[in-house]
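If you want the building blocks of each chain, they are given just below.
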Amino acid sequence: ILLKKGGRLAVRAKYDQGWIDSLRLYVRGGNGGNGVPRVGGIGGSGGNVIVKASSEVRDLKATKANNSTKRIIAEDGGHSRKMRLLGEIGKDENITVPIGVTVTTDEREPIADLCKNGDTCIVAKGGMGGVEASNFLGCAGERRIIRLDLKLIGDVGFVGFPNAGKSTLLKAISRARPKIA
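Thresholds, definitions, all that
Residues take numbers from 1 onward in each chain, read along the sequence in its written order. Since the coordinates come from a predicted model, pLDDT governs what is reported: local features require at least 70, and pairs of side-chain atoms require 80 or more to be given and counted, while whole-chain, interface and lining totals use all residues. Side-chain metrics rest on all non-hydrogen atoms present in the structure, leaving aside hydrogens and water. What makes two strands pair is DSSP finding at least two bridges between them. Secondary structure elements are taken from DSSP: a helix is a run of H or I of four residues or more, a strand is a run of E of two residues or more, and numbering for both begins at the N terminus. Throughout, an axis means a line fitted to C-alpha atoms (over the contacting stretch in the case of helices), and angles, computed between N-to-C directions, take values from 0 to 180 degrees. Working definition of a nonpolar core: buried Ala, Val, Leu, Ile, Met, Phe, Trp, Tyr and Cys residues. They are joined through side-chain atoms within 4.5 Å. Relative accessibility decides the category of a residue: with a 1.4 Å probe and only protein chains considered, values under 20% of the type maximum give buried, values over 50% give exposed, and everything between is partly exposed. In what follows, a contact means two residues having at least one pair of non-hydrogen atoms within 4.5 Å. Within this document, salt bridges are pairs made up of a side-chain nitrogen of Lys or Arg and a carboxyl oxygen of Asp or Glu, the two lying within 4 Å of each other. In this analysis, a patch consists of residues with relative accessible area above 30% that form no salt bridge, clustered at 9 Å for like charges and at 5 Å for the nonpolar side chains Val, Leu, Ile, Met, Phe, Trp and Tyr. Each accessible area is a Shrake-Rupley result for a 1.4 Å probe, and residues are judged covered by the shown protein chains and nothing else. The charged-residue count follows a simple rule in which Lys and Arg add positive charge and Asp and Glu add negative charge, with His and chain termini not counted at all. A single reference atom marks each charge: NZ on Lys, CZ on Arg, CG on Asp, CD on Glu.

Novice: Before we go on, may I ask you to explain the sheet that holds strand S7 (residues 101-105) in this structure?
Specialist: In any sheet, the strands associate via hydrogen bonds between backbone groups, in a parallel or an antiparallel arrangement. One open sheet holds the five strands; their spatial order is S5-S3-S10-S7-S8, and the pairing between them is mixed. Pairing within the sheet leaves two strands with one partner each, and these edge strands are strand S5 (71-73) and strand S8 (110-114). Shown here is a sheet whose adjacent strand axes are inclined to one another by a mean of 25°, direction ignored. Sheet topology places S7 next to strand S10 (residues 143-150); five bridges connect them, and they run antiparallel.

In structure tokens:
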């Protein structure tokens, strides 16, 4: 039910369940660090953005709360220095999601289907560190927009004639709030 409040429409809080079954995120792998040509130093590679399924997460609402900006950027790789020829490797960023999430691109191309506890997938790879082949310049990390879609599977279904009391039964045995005429 929509209510008019101060010239704008607002959804009545009673019917707003706050359930999120799809989430759109911007992800970017870390950039690779630059190398030092004079001494042959190699830059560190950038961190990856990893999506991991966990049984501890119940829904995508918790994932959204942990990543409120909806922008996940991995750490850049460290530059090579005279005192440290190998640059530090960038730290990976982990996105924890519930089991049963399908990861797709913004164009709906599938990346991964996370069905079991502990399933992981790299959604944005970090850039390579600067080496002689790249003129000692670090490469940029992969960037993209991904969608996390939660597959919902019902355990129980009610079948019956109209006005048989299906919604009344559902209300009596659960915390659901169906509309009852």
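Novice: I'm lost on the nonpolar core in this one. Help?
Specialist: What tends to happen in soluble globular proteins is that the nonpolar side chains get buried as a cluster. In this structure, Val51 and Leu148 are the most contacted members of the largest nonpolar core, which totals 22 residues. Counting residues per element, the ones that place at least two in this core are strand S3 (22-28), strand S4 (49-53), strand S6 (93-97), S7, S8, strand S9 (120-124) and S10. Residues within four places of valine 51 in sequence aside, it is in contact with Ile95, Val97, Val103, Leu114, Asp119, Thr120, Cys121, Val123, Ile146 and Leu148.

Novice: Sorry, what's going on with the pattern of salt bridges here?
Specialist: A side chain of one charge can pair with a side chain of the opposite charge when the charged atoms of the two come close. For the structure on display, the rule yields seven salt bridges. In this structure, arginine 108 engages aspartate 149 in a salt bridge whose closest nitrogen and oxygen atoms are separated by 3.0 Å. Taken together, the residues arginine 108 in the loop between S7 and S8 and aspartate 149 in strand S10 connect sequence positions 41 residues apart. For aspartate 149, a relative accessible area of 18% translates into the label buried. Each of Arg24, Asp106 and Arg147 takes part in salt bridges that share partners, so that together they form one network.

Novice: So what exactly am I meant to see when it comes to the environment of leucine 148 here?
Specialist: Tracing the chain through its elements places leucine 148 in strand S10. For the pair leucine 148 and threonine 104, spaced 44 residues apart in sequence, the C-alpha separation works out to 6.7 Å.

Novice: In this structure, what is going on with unusual backbone geometry? I would like to understand it.
Specialist: The general pattern is negative phi for most residues beyond glycine and trans for most peptide bonds. With phi around 70°, arginine 108 is a residue other than glycine that occupies positive phi space. Even without being a glycine, phenylalanine 136 presents a positive backbone phi close to 60°. Here phenylalanine 136 shows up in the loop between S9 and S10.

Novice: What exactly am I supposed to notice about a negative patch on the surface here?
Specialist: A contiguous patch of negative charge on the surface is contributed by Glu75, Asp76, Asp92 and Glu93. With respect to the secondary-structure elements, aspartate 92 resides in the loop between S5 and S6.

Novice: It is not clear to me how the pairing of S10 should be interpreted in this structure. Could you clarify?
Specialist: Consecutive residues of a regular strand have side chains that alternate between opposite faces of the sheet. Direction of pairing for S3 relative to S10: antiparallel, over a ladder of seven bridges. What sits directly across from leucine 25, in S10, is isoleucine 146.

Novice: How do you make sense of the sheet that holds S9 when you look at a structure like this?
Specialist: With mixed pairing, the three strands of this open sheet are ordered in space as S6-S4-S9. Either end of the sheet is taken by a strand with one partner, and the two such strands are S6 and S9. Averaged over all pairs of adjacent strands, the angle between strand axes in this sheet comes to 30°, irrespective of strand direction.

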